[in-house]
Amino acid sequence: MKKISWDFKSYYINGEPVFLVSGEFHYFRVPKKDWERRLKLLKEAGGNCVATYIPWLIHEPVEGDIRFGDVPERDLEGFLQLCREMDLFVIARPGPYQYSELRYDGLPGWLCENYPEIRARDVHGRAFRVSSISYLHPLFLEKAKKWYDAVCPILAKYTLSRGGPVAFVQFDNELMGIHQWHGGWDYNPEAMGIGKAGGRYVEFLRNRYETIEALNKAYGTEYGDFTDVRPFAGSPATPEDKRRAKDYQDFYFGTIGEYARILTDWMRQAGIDCDVVHNSPNPDSNAQFLEVRDKLGEGFMLGSDHYYTLGLSWPQNNPTPQYASRIFYSNEMLRLMGYPATIFELPGGSLSEWPPILPEDLACCYMTNVAFGMKGLNYYIFTGGPNPFGQGSTGDIYDYGASIGADGSIRPTYDVQKNFGAFLKENAWLARADRVADFYIGLDWEQSRSYSYFGNSGGFEFTNTQAWEFMRLGMMITALCAQYSVNLADLSKDSLLALDKPLLIATSVCMAEDIQRRLVQFVQKGGKLLLCPVIPYMDENFNPCTILRDFLEGAAVEPCTRYAPVVNVGNIHNIFMNGSIFRSVKKPAGARVFAWEERSGAELGWEKSFDGGKVLWLGFRWNHAMEDHIRMLRYLLSLMGCQESVVQSDNHNLWTSLRTDGSRYMLFVMNLYSSPQKANIRVRLEDGSCREIGEVRLAPMEVKTFKW
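Bear in mind the structure is a predicted one, so any value in this text is a computation, not a measurement.

**Side note on the overall build of the protein chain**
If you tally the helices and strands in the protein chain, you get 18 helices and 30 strands. Here the C-alpha radius of gyration of the protein chain, 26 Å, is about what a compact globule of 708 residues would show, namely 27 Å. In terms of overall dimensions, the protein chain has C-alpha extents of about 80 × 70 × 45 Å along its principal axes. Looking at the protein chain residue by residue over its 708 residues, the buried ones come to 62%. In the protein chain, 73% of the contacts between residues at least 6 apart in sequence involve partners at least 24 apart.

Here it is as structure tokens:
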């Protein structure tokens, strides 16, 4: 077998940059007699890898009776041997969870039915559904360890280091999804150690606060001991409530890291020496895996799942701009976490036969993902088949509308995958390409994971949750519509200080102390910074923190509640306001006002220079809706030294992405609508020259590329 490796930019096969192109292929569903033919079809579509679940419930139908190879549906080794012969890498997914529309989400029925004490529970003690298990319950870990003791040595025999095809092993599946979708965070008292001396939750609180007096001060409570403390139940309103709710979320995410470490250690003990991976359930879950990343370190990779429809309840039936914006920030988050953006579940079909998955939709989906930085993918699913032993939850057949049907037939979507595979092979240099940036939007990870404790404002002027929505629906969408090439920047890393282009931040009243310090350093080093719409005065745990405010000479803002405000920014008059507005109460000495409310005269925006650096504050948030929002953004960027965008187009409804490896360029132009569109496009390169693309015409759901 060839060797495969990766870094934060790309995958490499025998040292050459490539895209990872995988297809989900369930050996337990696909008839064994057709394995080879369908794997050949995957290779012909550009595949260099195959992924498969290894379902616990299929291989241990009765407790203690673990079976491999007795029937074709359980011939794991035969499948791995064939993949080795066909020179296909394998992503092995042994669970414990699989989901994949198996009964009990892939866990054995005997486990879920016979041991109800292992079920996850909500904060009131109510059990989640029968297959939603508390990951760290000792009885569950005992049973799961026996499963790993059986399956992991088999996988270890077939890892790349031993001449086999197994390049990656995934622990579990879409962690936390099974809890969030069926009740929320897990509060199983036995697993979480709530109210138990030496328990996980008790020790977490002890480590965070050291004394019960410090905890009581933070919580506004009168507990006598850490064992008396119970998680906050209800809707957190006060700062003390939110602190309690956030503490439990921090604790819960830490237990997910502990669970990932346990499973990974079991794999290592069994001899699995390849990298381990995991798939975030969706873009908005990516930030919930920071603790897993930190716990596992080198040799671990996180990817995400990027579906645009799985049934009637989904908000879109094709890759709309809303979908594209989600995959943009998802891929950026994975990049900033240190991984080549990999979509471990990229639509190969849909769970539902209606609404249908259509070839044009898939082609647009695939090209949009790569335009926004995807470096690896796994089609979910590439092919299906009968649900074995009646263990499927969607009927007798698991077809998924895949490009290769459950009966082995070849569907029109196969040509889409074949063409896409050829595109990736022909343009393998894109695997190491970066997106050109006109400016950066700051990513505060805590904002994207604040829903459970910041769901309502609780008296705060502007919350993390509101800032996260503003960043995605306001700043980012306006930038994409204005044809700016914008990237995200990690506010938690010192690499921020090396940025040489403007930085825009959707601010909450909360911002971590280290981020506030870093932003001050950024400006002192000559950086251009926009804060919008508030100036933080607390840290992420709701403690006073005014580092940034103090640097801005005590600058302060307050809500502006004027009815039907007339808002002006520079020479842009009466901008449509569809969000919160704040007025300046105090600004730095010498700050120049550039935005105001016309009828009251309230100051809504100012700029202030600091020894080469500059800070702008703008006191409102918006959801992108009007051309004036684009004009406003261009004006703000001009104040920060960004005069014009790299890509210039006369149609704001066609999004673009310019990628380069330093010597080659590719421009992606995306029509994410149901009608044909056209635009005149030119590209301004870093050396000052321009490349005239000219008039571009696109069909509905079409992405075109131009390279030089």
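More follows now that the structure is in view.
**Describing the packing of aromatic side chains**
Within this structure, the stated rule accounts for 49 aromatic pairs. Taking the centre distance of 5.4 Å and the plane angle of 75° together, the rings of tyrosine 329 and tryptophan 468 count as edge-to-face. Placement of tyrosine 329 in helix H12 (residues 321-336) and of tryptophan 468 in helix H15 (residues 464-481) is noted, with a sequence separation of 139 residues between them. Tryptophan 468 matches tyrosine 329 in its accessibility class, with the two residues each being buried. One aromatic cluster in this structure is built from Phe25, Tyr27, Phe28, Trp35 and Phe79. Over the ring of tyrosine 398 we find arginine 29; its NZ or CZ atom is 3.7 Å from the centre of that ring. Above the plane of the ring of phenylalanine 610 lies lysine 608, whose end atom (NZ or CZ) is 5.7 Å from the centre.

**Looking at the nonpolar core**
Within the largest apolar cluster, 246 residues are counted, with the highest numbers of intra-cluster contacts made by Phe140, Phe171, Phe420, Leu503, Leu519, Val569 and Leu618. Per-element accounting of this core gives the leading share, 12 residues, to helix H10 (residues 239-269). Leave out the neighbours within four places in its chain, and phenylalanine 420 touches Tyr366, Met367, Val370, Met374, Leu377 and Tyr379.

**Points about the sheet that holds strand E28 (residues 677-684)**
Pairing between the strands of a sheet comes from backbone hydrogen bonds, and it takes one of two forms, parallel or antiparallel. With respect to topology, 3 strands assemble into an open sheet ordered E25-E28-E29, the strand pairing being antiparallel. In this open sheet, the two edge strands, each paired with only one partner strand, are strand E25 (647-649) and strand E29 (690-698). Direction aside, the axes of adjacent strands within the sheet are offset by 25° on average. As defined by bridge partners, E28 adjoins E29 across 8 bridges and the pair is classed as antiparallel. Each bridged residue has a counterpart across the sheet, and for isoleucine 681 the counterpart in E29 is glycine 694.

**Thoughts on empty space enclosed by the protein**
A water-sized probe rolled over the atoms picks out the places where empty space is left. Taken as a whole and assessed by the stated rule, the structure comprises 1 cavity of 30 Å³ or more. Lining the largest cavity are Ser134, Tyr135, Leu136, His179, Asp186, Met192, Tyr252, Thr255 and Ile256. Ranked by residue count, the leading element in the lining of the largest cavity is H10, at 3 residues. A per-class count over the lining of the largest cavity returns 5 nonpolar, 3 polar and 1 charged.

**Regarding the sheet that holds strand E27 (residues 665-671)**
With antiparallel pairing, 4 strands are arranged side by side in an open sheet as E14-E26-E27-E30. Here the strands that pair on one side only, and so sit at the sheet edges, are strand E14 (434-435) and strand E30 (702-707). Bridge analysis of E14 against strand E26 (residues 655-660) gives 2 bridges, and the strand direction is antiparallel. Each bridged residue has a counterpart across the sheet, and for arginine 435 the counterpart in E26 is arginine 659. Contacts from helix H13 (residues 359-371) reach E26, E27 and E30, with the element oriented near 135° to E27.

Conventions and cut-offs
- Here the residue index of a chain counts from 1 through its sequence in written order.
- Local features in this predicted model are restricted to residues of pLDDT 70 or higher, and side-chain atom pairs are both shown and tallied only at a pLDDT of 80 or more, whereas totals for entire chains, interfaces and linings draw on every residue.
- Processing note: side-chain calculations cover all non-hydrogen atoms of the structure and skip hydrogens and water entirely.
- Counting from the N terminus, the helices are DSSP H or I runs at least four residues long and the strands are E runs at least two residues long.
- C-alpha atoms define the radius of gyration, and 2.2 Å times the number of residues to the power 0.38 defines the globule rule.
- When accessible area is computed with a 1.4 Å probe and restricted to protein chains, residues below 20% of their type maximum are described as buried, those above 50% as exposed, and intermediate ones as partly exposed.
- Residues are treated as being in contact if the distance between any of their heavy atoms lies within 4.5 Å.
- Geometry of aromatic contacts follows a simple scheme: Phe, Tyr and Trp rings, the Trp one being its six-membered ring, pair when their centres are within 6.5 Å, and the pair is stacked under 30 degrees between planes, edge-to-face over 60, tilted otherwise.
- Definition used: whenever NZ (Lys) or CZ (Arg) falls within 6 Å of the ring centre and also within 35 degrees of the ring normal, the charge is taken to sit over that ring.
- To define a nonpolar core, start from buried Ala, Val, Leu, Ile, Met, Phe, Trp, Tyr and Cys residues and group those joined through side-chain atoms within 4.5 Å.
- At least two DSSP bridges between two strands are required for those strands to pair.
- Axes, fitted as lines to C-alpha atoms, cover a helix only where it is in contact. Angles between the N-to-C directions of the axes lie from 0 to 180 degrees.
- Using only the protein atoms, space was sampled on a 1 Å grid; points where a 1.4 Å probe fits but cannot get out form cavities, open sets with protein on both sides within 12 Å along at least five of seven lines form pockets, and lining residues are those with an atom within 4 Å of a point.
- Grid points are joined across faces, edges and corners, and a volume is the space filled by probe spheres set on the points.
- Three classes are used: nonpolar for Ala, Val, Leu, Ile, Met, Phe, Trp, Tyr, Cys and Pro, charged for Asp, Glu, Lys and Arg, and polar for all others, with Gly counted as polar.

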